[in-house]
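# Architecture and fold: a report
Single-letter residue listing:
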Amino acid sequence: MTETNEQQPFQIPQHILVLRDLCIRTRDADCTRCGEACPKDALSFPEGKPPVIDDAACSLCGICQGTCDAFASTSYTLTQAHADARRAVMGARPAIITCVENVSEQDDLASNVVALPCLAMLPAELWAALLAEGADVQVSIDMERCETCAKAGGAAQALYAERIAQAEEWTQRNVGFAPSLPQAADEGLFAGLANAGADGDRRSLFTDMLSQLIMSALVAGVTISGKAFGKNIATSQSTNIVH
């Protein structure tokens, strides 16, 4: 057997951490909200001290993060979740929020899908922030799978439903439902055609596609005649296309 000195890449251990300075229990408050929300009973409460996490019992669902600011994860933070959702809606696409338990090995997810440890890890304030920013937010989840989820169980379903409802009330905007997870194979220049609904602006979609084609040609160094270029643009903008 040949020995090698190759080192394995360092991986940060996955843990949920308690941020002592943000926990009101250190200021004589008798708060146990995080423990009530935890689906694994992984939290204990020493007198006058922050909660203690039983790492062996913790499933890393992140529900405590959505319940109290005093919790953070070494693997996936709320800041990352917000950034991923904002990145997902670039290009006028909806941000599809799902959980990792809802993703199969056969899935090759599109770039606008955000897979969380659990939907209940997002507080109502984060759902509201996305809606207030004008993002088209949709969830894709198997309700029956939520009920039997080994990571968070049926309690998680009630939690994320309550938090979404609160965000919708605050913003007067709605979170949609996606019946299936978009796949990477569905993405591309013409993918938006199939998804342009009754309220979609197909003419602007074609204009955007034309702009992308022109930019691609310019980047590739293709010489476009100014006269022909202008004529084509004028034609594309003045022609009425019936859909």
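Every chain's residues receive numbers from 1 upward, in the order its sequence appears when written. Per-residue local features of the predicted model are confined to residues with pLDDT of at least 70, and side-chain atom pairs are confined, for both listing and counting, to 80 or more; whole-chain, interface and lining totals are unaffected and use all residues. In computing side-chain properties, one takes all heavy atoms of the structure into account and sets aside hydrogens as well as water.

Our next topic: the sheet that holds strand β8 (residues 176-177). Strand pairing is assigned whenever DSSP detects at least two bridges linking the two strands. A run of DSSP states H or I qualifies as a helix once it reaches four residues; a run of E qualifies as a strand once it reaches two. Both are numbered from the N-terminal end. The sheet built from four strands is open, its strands ordered β6-β5-β7-β8 with parallel pairing. The open sheet has two edge strands, β6 (113-116) and β8, and neither has a second partner. Pairing geometry for strand β5 (residues 95-99) and β6, over four bridges, is parallel. Counterpart to Ile96 in the pairing with β6 is Val113.

Okay, the nonpolar core next. In this structure, Ile63, Ile97, Leu116, Trp127 and Val137 are the most contacted members of the largest nonpolar core, which totals 35 residues. Counting only elements with at least two residues in this core, the list comes to α3 (78-88), β5, β6, α4 (124-132), β7 (137-139) and α6 (154-171). Counting residues in each nonpolar core, the second largest holds 10 residues, with Ile16, Cys38, Leu43 and Ala70 among its members. By convention a nonpolar core is built from buried Ala, Val, Leu, Ile, Met, Phe, Trp, Tyr and Cys residues, the set being connected through side-chain atoms within 4.5 Å. Remark: exposure states derive from per-residue accessible area (1.4 Å probe, protein chains only) relative to the maximum for the residue type, with buried under 20%, exposed over 50%, and partly exposed in between.

Locating Val139 in the fold gives a position in strand β7. Using a relative accessible area of 8% as the deciding quantity, one classes Val139 as buried. Sequence separation between Val139 and Gly176 is 37 residues, and the spatial gap between their C-alpha atoms is 6.3 Å. The contact rule is simple, with two residues in contact once any of their heavy atoms fall within 4.5 Å. Setting aside chain neighbours within four positions, we find Val139 in contact with Ile97, Leu119, Trp127, Ile164, Val175, Gly176, Phe177 and Ala178.

Further remarks concern α3. Buried residues of α3: Ala81, Ala85 and Ala88, and no others. Seen along its axis, α3 keeps its buried residues to an arc of 60°; they face one direction. Those residues of α3 hidden inside the fold are in contact with β5, β6 and α4. Directions from the helix axis toward the C-beta atoms define the arc.

What follows is about the confidence of the model for the protein. When pLDDT is averaged along the protein, the result is 79, and 72% of the positions lie at 70 or above. Residue-level confidence of the predictor, termed pLDDT, takes values from 0 up to 100. Here residues 189-206 is modelled with pLDDT under 50, and outside its nearest four sequence neighbours on either side it reaches 15 contacts, counting other chains as well. In this model, residues 222-243 is a region of pLDDT below 50 whose contacts with residues beyond four sequence positions or in other chains number 12 contacts.

Criterion for a disulfide: a pair of cysteine sulfur atoms at a distance within 2.5 Å. Tallied over the entire structure, the rule returns zero disulfides. Looking at Cys38, it has no disulfide partner, and the nearest cysteine sulfur is the one in Cys61, 6.3 Å off.

Angles shown run from 0 to 180 degrees and are taken between the N-to-C directions of axes, each axis being a line fitted to C-alpha atoms and, for helices, limited to the stretch in contact. Interhelical geometry of α4 versus α6 gives an angle of 45° and a closest axis separation of 8 Å. Judged by the inter-axis angle, α4 sits oblique to α6. The two elements α4 and α6 meet at a crossing, and its hand is right-handed. Side by side, α4 and α6 meet where Ala124, Glu125, Trp127, Ala128, Leu131 and Ala132 of the first sit next to Arg163, Ile164, Gln166, Ala167, Glu168, Trp170 and Thr171 of the second. Residues were grouped as follows: Ala, Val, Leu, Ile, Met, Phe, Trp, Tyr, Cys and Pro as nonpolar; Asp, Glu, Lys and Arg as charged; and all remaining residues, including Gly, as polar. Residues of the contact of α4 with α6, tallied by class, amount to eight nonpolar, two polar and three charged. Here the angle decides the label: under 35 degrees means roughly parallel, over 145 means roughly antiparallel, 65 to 115 means roughly perpendicular, and every other value means oblique. Handedness of each helix crossing follows the sense of rotation of the near helix against the far helix: counterclockwise by less than a right angle gives left-handed, clockwise gives right-handed.

The next thing to look at is a nonpolar patch on the surface. For patches, a residue must show more than 30% relative accessible area and have no salt bridge; joins then use 9 Å for like charges and 5 Å for nonpolar side chains, namely Val, Leu, Ile, Met, Phe, Trp and Tyr. The protein chains shown are the only cover counted for residues, whose accessible areas, like all others here, come from Shrake-Rupley with a 1.4 Å probe. By salt bridge we mean one thing: a side-chain nitrogen of Lys or Arg within 4 Å of a carboxyl oxygen of Asp or Glu. On the surface, Leu17, Leu19 and Leu22 cluster together into a nonpolar patch covering about 230 Å² of accessible area. Checked against the element boundaries, Leu17 lands in strand β1 (residues 16-18).

Attention now moves to the pattern of salt bridges. Applying the stated criterion across every chain, the model contains four salt bridges. The salt bridge involving Glu101 is made with Lys151; its shortest N-O contact spans 3.8 Å. Taken together, the positions of Glu101 in the loop between β5 and β6 and Lys151 in the loop between α5 (143-147) and α6 put the pair 50 residues apart, joining distant regions of the chain. Accessibility expressed as a relative area gives 16% for Lys151, which makes it buried.

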